[in-house]
Amino acid sequence: MSGLTARRLSVVAFTILAVAFAYYVGAWLGLRDELLSRQLTPLWPATGVALVAILLLGNRVWPGIAVGSLLVHLSVGLTVPAAAAIAVGSTLAPLCAAYLLRRVGFRLECDRLRDALALVFLGAFASMTVTATITTGVLVAAHVLPPHDWWITWLVSWSSNAMGVVVVAPVLLVARKLRLPAKVSARRALEAGLLIGGTFAIAAVGTVSPFDVLFLVFPFLFWAAWRFQLAGAAPCVLVSALVVILAAEDGTGPFAGDSLLAKMVTLQAFVGSAALTALLLAAMVAERNHTYAEIEQACYRLADVMSLRDRAARHAKSWHGSAQDRRTPER
């Protein structure tokens, strides 16, 4: 029994360390964005990593999130008390998100409209107010930010964490079941490649063009959601978001000459709109496909029942005719 317990404890410890590493990597990628200060970025992928880790592995992995957040914020120069306080908020927010999603029956496949709405409004918009409030309060209290910037800092923190959920979490949910099918048609593989490549190319053109043509990305998002549902929509949203974030850093295309606030508004509006549109459309198409499949199966079952009924009726008629013949006297 002690050996089994030791094995379980070692598995739990390894899982927590893996979550801490994954969170740290996600946060490190977010910190590569130099649009804002080192503590605030337009997209915080670590929040999406934390939420998916809790949904898949359970609440027991929360120490990994806390450790990863603590190490990240220590690495950017915050004091131990400030980093620890922010780590509390970074841990509570995905725990709240996972709790709310479980309460409404969220499915990891995110193949229903209610799942997509829950992920956006409960998992992202509502739950991320926790970490935004704590992070902003700590940064102001630690004199990292002036008090008069509290509201804009809160908004940036909230939106970056929310975008981490709606952009990164769907990709991770898709990746967890990613399997190479035994047989893939060349046409479908080519279509998937064109979707990813086309999304990247159009987003890149939209961020260097002097004209505001970023909206041309949306047909590709519609195409991806319609043909591949979440498996196609989530990667395309991630690709377009990364391209636009890099353009905002460089101040090219629609971001040329804009103030920091204008860049943030444009950036978050685009990423949020793209993620929300693709996610909801993918869920609606998946739900419609499931409904059609259920109707088709019901039709097959009904046809089988009717066939059995017809055979039973023919058999009963045949038996009745034979019995009638046996009762008829011979003349």
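Basis of the calculations
Starting from 1, residues in each chain are numbered consecutively following that chain's sequence as written. Totals for whole chains, interfaces and linings use all residues, but because this is a predicted model, local features are given only for residues with pLDDT of at least 70 and pairs of side-chain atoms are given and counted only at 80 or more. The side-chain quantities take in all heavy atoms of the structure and omit both hydrogens and water. Only DSSP runs of H or I covering at least 4 residues are called helices, and only runs of E covering at least 2 are called strands; the numbering of each starts at the N terminus. By the convention used here, residues are in contact when the closest approach between their heavy atoms is within 4.5 Å. For this analysis, a salt bridge means a side-chain nitrogen from Lys or Arg found within 4 Å of a carboxyl oxygen belonging to Asp or Glu. Partly exposed describes any residue whose relative accessible area lies between the buried limit of under 20% and the exposed limit of over 50%, with all areas from a 1.4 Å probe on protein chains only and scaled to the type maximum. Expected helix span is given by 1.5 Å per residue-to-residue step, counting one fewer step than there are residues. UniProt positions are given in the numbering used here, feature names are shortened, and annotations may be inferred rather than shown by experiment. Two rings from Phe, Tyr or Trp (for Trp, the six-membered ring) form a pair when their centres sit within 6.5 Å of each other. Planes less than 30 degrees apart are called stacked, planes more than 60 degrees apart edge-to-face, and all others tilted. What pLDDT reports is the predictor's confidence in each residue, on a scale of 0 through 100. Angular values range over 0 to 180 degrees, each being the angle between N-to-C directions of two axes fitted as lines to C-alpha atoms, with helices fitted over their stretch in contact. The cut-offs work like this: below 35 degrees is roughly parallel, past 145 is roughly antiparallel, 65 to 115 is roughly perpendicular, and the gaps in between are oblique. In a left-handed crossing the near helix is turned counterclockwise from the far helix by less than a right angle, and in a right-handed crossing that turn is clockwise. Nine residue types can take part in a nonpolar core, namely buried Ala, Val, Leu, Ile, Met, Phe, Trp, Tyr and Cys, and a core is a set of them joined through side-chain atoms within 4.5 Å. Residue ranges labeled as domains rest on an automatic or database domain assignment. Nonpolar side chains (Val, Leu, Ile, Met, Phe, Trp, Tyr) within 5 Å and like charges within 9 Å form the patches, drawn only from residues with over 30% relative accessible area and no salt bridge. The Shrake-Rupley method, run with a 1.4 Å probe, gives the accessible areas here. Residue values count only the displayed protein chains as cover.

Asks: Describe the environment of Trp-226, with residues and values.
Replies: Among the secondary structure elements, Trp-226 is positioned in helix α9 (residues 217–228). Ignoring sequence-local partners within four residues, the contact set of Trp-226 consists of Val-285 and Arg-288.

Asks: Could you give me a rundown of the pattern of salt bridges, with the residues and numbers involved?
Replies: One pass over the structure, following the stated rule, counts four salt bridges. Among the ionic pairs, Arg-107 bridges to Asp-111, the shortest N-O distance being 2.9 Å. The partly exposed category is assigned to Arg-107, whose relative accessible area is 34%. Overall, Asp-111 belongs to the buried group, its relative accessible area being 12%. The shortest N-O distance in the salt bridge between Arg-227 and Glu-191 comes to 2.7 Å. One end of the pair, Arg-227, is in helix α9; the other, Glu-191, is in helix α8 (residues 186–208), and 36 residues separate them in sequence. The class for Arg-227 is partly exposed, based on a relative accessible area of 37%.

Asks: Account for helix α3 (residues 62–75), with residues named and values stated.
Replies: Between its first and last C-alpha, α3 extends 20 Å over 14 residues, near the 20 Å set by a 1.5 Å rise per residue. Along α3, the residues that are buried comprise Gly-64, Ile-65, Ala-66, Gly-68, Ser-69, Val-72 and His-73.

Asks: Can you explain the UniProt feature "transmembrane region" (unreviewed entry) in the chain? Please cite residues and give values.
Replies: As recorded in UniProt, the sites labelled "transmembrane region" (unreviewed entry) are residues 12–31, 43–62, 82–104, 116–145, 151–173, 194–222, 228–248 and 260–286. As annotated, residues 151–173 has a helix share of 100% and a strand share of 0%, and its two end C-alpha atoms lie 32 Å apart. The span residues 228–248 is 95% helical and 0% strand by assignment, and the distance between its end C-alpha atoms comes to 29 Å.

Asks: Account for helix α2 (residues 45–57), with residues named and values stated.
Replies: Between its terminal C-alpha atoms α2 stretches 18 Å, which fits the 18 Å expected from 13 residues at 1.5 Å a residue. With eleven of 13 residues buried, α2 lies mostly within the body of the structure. Buried residues of α2: Pro-45, Ala-46, Thr-47, Gly-48, Val-49, Ala-50, Leu-51, Val-52, Ala-53, Ile-54 and Leu-55, and no others. One or two residues past the end of α2 sits Gly-58, with phi positive at roughly 100°.

Asks: Could you give an account of the packing of aromatic side chains, naming the residues involved and the relevant values?
Replies: Applying the stated criterion across every chain, the model contains seven aromatic pairs. Taking 6.4 Å as the distance between ring centres and 55° as the angle between the ring planes, the aromatic pair formed by Phe-218 and Phe-222 counts as tilted. Residue Phe-218 and its partner Phe-222 are located together in helix α9, separated by four residues, close to a single helical turn. Residue Phe-218 is classed as buried on the basis of its relative accessible area, which comes to 17%. For Phe-222, a relative accessible area of 37% puts it in the partly exposed group. Through pairs of rings, three or more aromatic residues link up here, namely Phe-121, Phe-125, Trp-151, Trp-154 and Trp-158.

Asks: Explain unusual backbone geometry to me, and be specific about the residues and the numbers.
Replies: If a residue is not glycine, its phi is most likely negative; likewise, a peptide bond is most likely trans. A positive phi angle, close to 50°, is found at Cys-110, a residue other than glycine. Take Cys-110: it is sitting in the loop between α4 (80–103) and α5 (113–126). At Gln-229, a position not held by glycine, the phi torsion is positive, near 55°. Mapped onto the elements of the fold, Gln-229 is located in the loop between α9 and α10 (230–250).

Asks: Report on the environment of Ala-126, specifying residues and quantitative values.
Replies: Tracing the backbone through its elements, the reader meets Ala-126 in helix α5. Counting along the chain gives 30 residues from Ala-126 to Cys-96, while the straight-line C-alpha distance between them is 9.1 Å.

Asks: Account for the confidence of the model for the chain, naming residues and giving values.
Replies: Looking at the chain as a whole, the pLDDT averages 84, with 88% of positions reaching at least 70. Across the chain, α2 holds the top mean pLDDT of 95, while helix α11 (residues 260–327) sits lowest at 77.

Asks: Could you give me a rundown of the packing of helix α6 (residues 128–141) against helix α7 (residues 150–175), with the residues and numbers involved?
Replies: Closest axis-to-axis distance for the α6/α7 pair is 8 Å, and the angle between their directions is 140°. Viewed along their axes, α6 and α7 adopt a mutual orientation that is oblique. Note that α6 runs across α7; the crossing there is right-handed. Along the contact surface, α6 presents Met-128, Thr-129, Thr-131, Ala-132, Thr-133, Thr-135, Thr-136, Gly-137 and Val-140, while α7 presents Trp-150, Thr-153, Trp-154, Ser-157, Trp-158, Asn-161, Ala-162 and Val-165.

Asks: Quick rundown of the nonpolar core? Include the residues and the values.
Replies: Counting residues in each nonpolar core, the largest one holds 78 residues, and the members touching the most others are Leu-51, Val-167 and Leu-221. If you count residues domain by domain, this core takes at least three from each of domain 1 (1–180) and domain 2 (181–311). Beyond its immediate stretch of four places on either side in the chain, Val-167 contacts Leu-43, Val-237, Leu-238, Ala-241, Val-271 and Ala-275.

Asks: Run through a nonpolar patch on the surface, naming residues and quoting values.
Replies: A cluster of nonpolar side chains, contributed by Phe-21, Tyr-24, Val-25, Trp-28, Leu-29, Val-67, Leu-71, Leu-74 and Val-80, occupies part of the molecular surface with about 810 Å² of accessible area. Every element with two or more residues in the nonpolar patch is listed here: α1 (2–31) and α3. For the nonpolar patch, the element with the most residues is α1, which contributes five residues. Note that Leu-74 resides in helix α3.

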